[in-house]
Amino acid sequence: SRGPRPHRALAAAMPIAQQRGVFQMSGLGPERIYDISIISKIPVTFARVMFAPQILVAIEQIAGDFKDEIDKLRIIARDAAISAELWLRSKHGTWRFFLVTGTGLIEIDRDGKPLAAGGMPA
């Protein structure tokens, strides 16, 4: 299960979101698409924050383990001014961040900039 500590991950995500701009938490519920929206100069970001019991795995495994969440994030219209991201936190406080594209994931840093390793198609 990926859900035992979502409240800790969400609480820990708030300072990260605040560093990127003005943020707002979405409502709770199984129908939600994202947890946090971040308004900054560009882009506006919609992020889903999840607990990941295995965080230091290949991006392909992340894509499989979080397929439902990624599919929901793909519903959000994206362009140069709007992005959708998946933020993962381990029980030890390790974070990984991914930009969700129409065809895959790109690993990014906490500021939303792509890491050198690139991404993978899904």
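Residues numbered from 1 in each chain as written. Predicted model: local features only at pLDDT ≥ 70, side-chain atom pairs only at ≥ 80, totals over all residues. Heavy atoms only, no water.

Undergrad: For this particular structure, what's the right way to read the side chain of Arg96?
TA: The topology assignment puts Arg96 in strand β5 (residues 95-100). Of note is the side chain of Arg96, whose polar atom sits 2.7 Å from the backbone oxygen of Ile55. Engagement of the side chain of Arg96 in a polar contact is seen with the side chain of Glu107, the distance being 2.9 Å. (Helix = DSSP H or I, 4+ residues; strand = E, 2+ residues; numbered from the N terminus. Polar contact = N/O pair within 3.5 Å; in protein donor to acceptor, adjacent residues only side chain to side chain.)

Undergrad: For this particular structure, what's the right way to read the nonpolar core?
TA: A general trend in soluble globular proteins is that nonpolar side chains are found buried together. The biggest cluster of nonpolar side chains holds 18 residues, and the ones touching the most others in it are Ile62, Phe66, Leu86, Leu88, Phe98, Val100 and Leu105. Leave out the neighbours within four places in its chain, and Leu86 touches Arg48, Met50, Ile62, Phe66, Ile70, Leu73, Arg96, Phe97, Phe98 and Val100. Ala13, Ile36, Ala47 and Phe97 belong to the second-largest nonpolar core, a separate cluster that totals 13 residues. (Core = buried A, V, L, I, M, F, W, Y, C linked by side-chain atoms within 4.5 Å. Buried < 20%, exposed > 50% of the residue type's maximum accessible area, 1.4 Å probe, protein only. Contact = heavy atoms within 4.5 Å.)

Undergrad: When you look at the pattern of salt bridges in this model, what are you seeing that I'm missing?
TA: Opposite charge on two side chains permits pairing when their charged atoms draw close. This structure, assessed with the given rule, holds six salt bridges. Here Arg32 makes a salt bridge to Asp35, at a shortest N to O gap of 2.5 Å. In this structure, Arg32 and Asp35 share a single accessibility class: buried. (Salt bridge = Lys/Arg side-chain N within 4 Å of Asp/Glu carboxyl O.)

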